[in-house]
Amino acid sequence: MTVPEHRARAGRAGRRFDLRATTVTFGLAAIALVLLGWVVRMACDAAQRRPVWVFVLVLGAVTAVLLRRRARGRPTAARAALRTTDALAAATATTLDALEEDREAAPAPAPYASGEETTVAVVPAGHEELDPDEFEEAIADLCRRDGCVDVEVVGGAGDLGADVLAVAPDGRRLVIQCKRYSPDHKVGSQDLQRFGGTCFTVHGADVAVLVASTGFTAPAADYAEQCGIVCVDERWLRDWCEGGGPAPWEPLPPEQDGAGPLGRASW
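Residues numbered from 1 in each chain as written. Predicted model: local features only at pLDDT ≥ 70, side-chain atom pairs only at ≥ 80, totals over all residues. Heavy atoms only, no water.

1. Remarks on the confidence of the model for the protein chain
Link 1 in the chain: Summary statistics for the protein chain give a mean pLDDT of 75 and a share of 61% for residues scoring 70 or more.
Link 2 in the chain: Segment residues 108-122: pLDDT under 50, and 15 contacts once partners within four positions in sequence are set aside and those in other chains are kept.
Link 3 in the chain: The model gives residues 257-267 a pLDDT under 50, and that stretch makes 33 contacts with residues more than four places away or in other chains. (pLDDT = per-residue confidence, 0-100. Contact = heavy atoms within 4.5 Å.)

Below, the structure is given as structure tokens:
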């Protein structure tokens, strides 16, 4: 007896996974997301700078959508909707161009002006016109003028004695405390002791400087000389400001080293 042969039905060929098409699809999706984010960002900028334009664009977009819906099956209305859409796109391009022009036309921040004229204007003789904060900024300007880098004003609550931090031209770390006192108020030993307790151990100073708008008492000068703190009094500060005296991190001239009642601590 012959058994009839049953042929297996050919199954439907499954859809094969196409890696190239999948990669292209995800790439296009990523590009679309980036473009969408850029458009949203520009729209936010436009909303901040030109709110009236944004209102007109939104109104035009709504009008275009309504015209497209009503234009189904009506060629004339469709053409009108296309014209509206083109006008909307042109208005959007004009808005983006205006924003770019505004950004390019924005004035650049003025660079730091160096030289004696700026310093004399910032640090007037006698320093009577400056409050303590302005005095700290003026000392920082002097450091920048004479070649220091990474100059930073850090004075304030919790500064632990440091008002200005900088790096000298020779690479040493400067820690400066500023004392803006009245002419009859000299810097005392307690001020030097508080600064001496933090300038080296906490702030890691290679050169510790205390700049005062007045003078120093003898005990303060003695303590500063023992600890290696450079004391800049009113006379030294005036000469430094006018360019006639050395900066605090520079060695003193031989004829000035050790001269005067304050010795090495002050010039």
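2. A word on a nonpolar patch on the surface
Link 1 in the chain: Together, Val24, Leu28, Ile31 and Leu35 line one region of the surface with nonpolar side chains, adding up to about 390 Å² of accessible area.
Link 2 in the chain: As for its position among the elements, Ile31 is in helix H1 (residues 19-49). (Patch = residues over 30% accessible without salt bridge, like charges linked within 9 Å, V, L, I, M, F, W, Y side chains within 5 Å. Areas by Shrake-Rupley, 256 points an atom, 1.4 Å probe, with all protein chains shown as cover. Salt bridge = Lys/Arg side-chain N within 4 Å of Asp/Glu carboxyl O. Helix = DSSP H or I, 4+ residues; strand = E, 2+ residues; numbered from the N terminus.)

3. Side note on helix H8 (residues 234-242)
Link 1 in the chain: Listed as buried for H8 are Trp236, Leu237, Trp240 and Cys241. Down the axis, H8 shows its buried residues gathered within 135° of arc, on one side only.
Link 2 in the chain: The positive-phi residue at the C-terminal boundary of H8 is Gly243, with phi of around 85°. (Buried < 20%, exposed > 50% of the residue type's maximum accessible area, 1.4 Å probe, protein only. Arc of directions from axis to C-beta.)

4. Thoughts on the sheet that holds strand E2 (residues 164-167)
Link 1 in the chain: Read across the open sheet, the five strands follow the order E1-E2-E3-E4-E5; overall the sheet is mixed. Each of the sheet's edge strands pairs with one partner strand only, and the pair in question is strand E1 (149-153) and strand E5 (229-232). Averaged over all adjacent pairs, the angle separating strand axes in this sheet is 20°, with direction ignored.
Link 2 in the chain: Lying over the sheet, H8 contacts strand E4 (207-212) and E5, oriented at roughly 80° with respect to E5. (Pairing = 2+ DSSP bridges. Axes fitted to C-alpha atoms, helices over the stretch in contact; angles between N-to-C directions.)

5. Side note on a negative patch on the surface
Link 1 in the chain: Negative charge collects at one region of the surface, where Asp131, Asp133, Glu134 and Glu137 lie side by side.
Link 2 in the chain: Within the secondary structure, Asp133 sits in helix H5 (residues 132-145).
Link 3 in the chain: Looking at Asp133, the relative accessible area reads 55%, which means it is exposed. (Lys, Arg positive; Asp, Glu negative; His and termini not counted. Charge placed at Lys NZ, Arg CZ, Asp CG, Glu CD.)

6. What to know about the environment of Asp131
Link 1 in the chain: Tracing the backbone through its elements, the reader meets Asp131 in the loop between helix H4 (116-122) and H5.
Link 2 in the chain: Considering only alpha carbons, one finds Asp131 and Tyr181, 50 residues apart in sequence, at a separation of 9.5 Å.
Link 3 in the chain: Within the structure, Asp131 has its side chain in polar contact with the backbone nitrogen of Asp133 (distance 3.2 Å).
Link 4 in the chain: In terms of polar contacts, Asp131 uses its side chain to reach the backbone amide nitrogen of Glu134, at 2.7 Å. (Polar contact = N/O pair within 3.5 Å; in protein donor to acceptor, adjacent residues only side chain to side chain.)

7. Observations concerning H5
Link 1 in the chain: The end-to-end C-alpha distance of H5 is 20 Å, a good match for the 20 Å that 14 residues give at a rise of 1.5 Å each.
Link 2 in the chain: Among the residues making up H5, those that are buried are Phe135, Glu136, Ala138, Ile139, Ala140, Asp141, Leu142, Cys143 and Arg145.
Link 3 in the chain: The residue sitting at the N-terminus of H5 and contributing the capping side-chain oxygen is Asp131; that oxygen lies 3.2 Å from the backbone nitrogen of Asp133. (Expected span 1.5 Å × (residues − 1).)

8. Observations concerning the nonpolar core
One recurring pattern in soluble globular proteins is that nonpolar side chains are buried together.
Link 1 in the chain: Counting residues in hydrophobic clusters, the biggest one holds 27 residues, and the most contacted among them are Ile139, Ile176, Val211, Leu237, Trp240 and Trp249.
Link 2 in the chain: Those elements that provide at least two residues to this core are H5, E2, strand E3 (173-179), E4, E5 and H8.
Link 3 in the chain: In terms of residue count, the dominant contributor to this core is H5 (six residues).
Link 4 in the chain: Apart from residues lying up to four places away in sequence, Trp240 is in contact with Ile139, Leu142, Cys143, Arg145, Asp146, Gly245, Pro246, Ala247, Pro248 and Trp249. (Core = buried A, V, L, I, M, F, W, Y, C linked by side-chain atoms within 4.5 Å.)

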